[in-house]
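The chain contents come next:
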Amino acid sequence: MVVKTQCKGHAFTGVEVGPGNVRRYFPRDVVVIELLLDHLLIQCGLAPEFWQGQTEIRDPRLSAWLESKNFHGQPGQEPIPLALIPSGKNCFRLEPISAHKQPRATPAQDPVDSARQETAA
């Protein structure tokens, strides 16, 4: 799922999950989730308001990790999209979206068309 950074002033505060993702990926009875941030595993509490429209995950360690990523630009300008990937029961891996970009495949050349071009030359 795609989430976005949240900022207060010029500091990252957490990630905004969004109501649709909350309904789909977060059971109401869960009060704590685990986040994998590179090699770090942290536990983050989810407030009751999380299921009532305030869908931000906040934690000082998450904020520090976001700051350490040194995203181009300044916190507070534009939210930065991130991938939040389910990685077990109530566990998610958070990664920059650029880590998931696949190189664009070049279209395969049609062998029949290639043969036609060679005979025409």
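Before reading further, recall that the structure is shown in the block above.
Residues numbered from 1 in each chain as written. Predicted model: local features only at pLDDT ≥ 70, side-chain atom pairs only at ≥ 80, totals over all residues. Heavy atoms only, no water.

Caption draft 1: Up close: the pairing of strand β6 (residues 81-86). Bridge count between strand β1 (residues 2-8) and β6: 3 bridges; the pairing is antiparallel. Across the sheet, the residue bridging to K4 is P81, located in β6. The pairing of β6 with strand β7 (residues 91-96) spans 5 bridges and is antiparallel. Paired with P86 across the bridge in β7 is F92. In this antiparallel pair of consecutive strands, β6 and β7, the connection spans 4 residues, and G88 shows a positive phi of 130°. (Pairing = 2+ DSSP bridges. Helix = DSSP H or I, 4+ residues; strand = E, 2+ residues; numbered from the N terminus.)

Caption draft 2: A look at the side chain of T5. Structurally, T5 is set in strand β1. Of the residues examined, T5 reaches a relative accessible area of 2% and is grouped as buried. Reaching out from T5, the side chain makes a polar contact with the backbone nitrogen of I80 at a distance of 2.8 Å. Contact partners of T5, with chain neighbours within four places excluded, come to F12, G14, V15, L66, P79, I80 and L82. (Buried < 20%, exposed > 50% of the residue type's maximum accessible area, 1.4 Å probe, protein only. Polar contact = N/O pair within 3.5 Å; in protein donor to acceptor, adjacent residues only side chain to side chain. Contact = heavy atoms within 4.5 Å.)

Caption draft 3: Quick peek at the environment of I33. Here I33 shows up in strand β3 (residues 32-37). As a C-alpha pair, I33 and K89 span 56 residues in sequence and 8.6 Å in three-dimensional space. Apart from the residues lying within four places of it in its own chain, the contact partners of I33 are F26, I42, Q43, C44, L46, I57, N90 and F92.

Caption draft 4: Representation of the pattern of salt bridges within the structure. In this structure the tally under the stated criterion is 4 salt bridges. Between K69 and D38 there is a salt bridge; the shortest N-O distance is 2.8 Å. Here K69 is found in the loop between α2 (60-68) and β6, whereas its partner D38 is found in the loop between β3 and β4 (40-45), with 31 residues between them in sequence. With relative accessibility at 27%, the residue K69 sits in the partly exposed group. With its nearest N and O atoms 2.6 Å apart, the salt bridge here joins E95 to R93. (Salt bridge = Lys/Arg side-chain N within 4 Å of Asp/Glu carboxyl O.)

Caption draft 5: Here's a closer look at the sheet that holds strand β2 (residues 11-16). As summarised here, the arrangement of the 7 strands in space is β4-β3-β7-β6-β1-β2-β5, forming an open sheet in which the pairing is mixed. Pairing within the sheet leaves two strands with one partner each, and these edge strands are β4 and β5 (56-58). Averaged over all neighbouring strand pairs, the angle between strand axes comes to 40°, with direction disregarded. Relative to β2, α2 is tilted by about 110°, and along the sheet it contacts β1, β2, β3, β4, β5, β6 and β7. (Axes fitted to C-alpha atoms, helices over the stretch in contact; angles between N-to-C directions.)

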